[in-house]
Each structure stands twice: as structure tokens, then as C-alpha cells.
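Structure at a glance
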Amino acid sequence: MAILHGWRTCPRCAGPLDNDDARATCAACGSTYYANSAPCVSALVEDDAGRLLLARRAVQPFHGMWDAIGGFLDEREHPLDGLRREVLEETGLTVEPQGFLGAWMDDYGDAPDAAATLNLYWTARVTTGDPLPADDVAELRWFAADALPGADELAFTTLADALAAWRVRRAPGP
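What counts and how
Residues numbered from 1 in each chain as written. Predicted model: local features only at pLDDT ≥ 70, side-chain atom pairs only at ≥ 80, totals over all residues. Heavy atoms only, no water. Buried < 20%, exposed > 50% of the residue type's maximum accessible area, 1.4 Å probe, protein only. Helix = DSSP H or I, 4+ residues; strand = E, 2+ residues; numbered from the N terminus. Pairing = 2+ DSSP bridges. Salt bridge = Lys/Arg side-chain N within 4 Å of Asp/Glu carboxyl O.

1. A few points about the pairing of strand β4 (residues 38-46)
The element β4 is largely enclosed, with a buried count of 7 among its 9 residues. One ladder, built from 9 bridges, connects β4 with strand β9 (residues 116-128); its direction is parallel. Bridge pairing in β9 links Ala38 to Thr117. Inspection of the sheet shows β4 paired to strand β7 (residues 69-72) by 4 bridges, in the antiparallel sense.

Structure (C-alpha cells):
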């Protein structure tokens with residue numbers, strides 16, 4: 001809904017749009033625009049002690065809350081390339097993605113016009129560097145599996161889902 005919210009004129013020809021917030025069409029030039037979820041990538045960076053590196057957000061939405069390291073994909077960017085780029089930008093670390101944890105839907109904030117997001121999560125291992133907060137990160141901290149922040153301290157609902165999937169994956173088998 002949010003990506004087309006408020007669109008009244010066509011960005012190509014300035015003609016009026018027929019917009020139901022899921023699809024906007026222009027009768028003047030024939031253009032059609034779709035409300036697609038924005039693709040995001042996130043890494044649960046693990047160390048040899050089984051801890052996870054999380055980032056405290058320095059920006060809205062959810063300023064000051066804990067988040068996975070990651071962000072929006074650039075146009076035509078492969079998700080794993082975007083994951084490596086985002087981790088490097090936010091932490092100074094070079095990582096190698098390990099296992100795919102899953103895909104979850106969310107909103108980028110809680111405003112009525114917040115963009116819908118498609119969130120792809122991987123585990124990752126550091127290959128080089130020392131973690132230093134950068135870009136939109138105020139703090140980085142390693143958390144033991146039994147000391148992770150509670151759901152009320154997490155920026156996005158998808159992080160709680162990804163942490164639950166991570167816990168299941170690392171649980172001892174039968």
C-alpha cells in the first residue's frame with residue numbers, strides 16, 4: 001500500500017492515475033505501477049563462541065533499538081552481494097554468508113504509509129576486520145545466545161522471527 005500511497009499523477013507524462021494503492025495505471029500513456037515490497041537483506045553474524053553481533057539503530061524508524069545488520073538492496077543487486085555490502089558499510093567487517101535462515105514480511109516503521117519490506121536473513125561469519133559502528137549504527141554488541149535482547153528491544157518483528165529460526169537451527173538434534 002505505502003509505495004503508491006498518495007500517487008495522483010503519472011511520473012512519466014503527468015497524466016492522472018487510477019490508483020487503488022496496489023496498482024496505479026495511467027490512461028494517458030498506458031503506464032502501470034505496482035506496489036511491490038522493498039527487498040532487504042540481513043545477517044546474523046556469528047563468532048566462534050556462538051555469539052551474535054547485533055546493531056543498535058542510530059536512525060528512525062526504531063531509533064535506539066537492536067537490529068540485525070543489513071538494509072535495502074540496490075536495484076539489480078544480488079542479495080548476497082547486498083548482504084556483504086551492508087555488513088561492510090555498517091560494521092567495517094568482511095563476512096561470508098553461511099546458511100539462509102528464511103524470508104519474512106514486515107513494514108519499515110509503524111507509520112500508516114510505511115513501506116512494506118521483504119526481509120531475507122542469512123547467518124554469516126567474519127572473514128576480516130574488527131567491528132566498528134558506522135553508517136546508521138550507533139553501537140555494535142556481541143550477544144550470547146541466552147542473553148539476546150527481548151522482543152520489546154528489537155527494531156523489527158522479522159528479527160524476532162529470524163532469531164527464533166536461528167535458535168532452532170543451532171539446537172542439538174534428536
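2. Regarding the pattern of salt bridges
Summed over the entire model, instances satisfying the criterion amount to 11 salt bridges. Its salt-bridge partner being Asp67, residue Arg57 comes within 3.2 Å of it at the nearest N-O pair. Remark: Asp67 occurs in strand β6 (residues 66-67) and Arg57 occurs in strand β5 (residues 52-57); sequence separation between them is 10 residues. Exposure class is identical for Arg57 and Asp67. Each is buried. A salt bridge links Arg85 to Glu89; the shortest N-O distance between them is 3.2 Å. A residue pair is termed a helical-turn pair when its members lie 3 or 4 positions apart in one helix, as Arg85 and Glu89 do in helix α1 (residues 79-91) at 4 residues. Connected through shared salt-bridge partners, Asp74, Glu77, Arg85, Glu86 and Glu89 make up one network.

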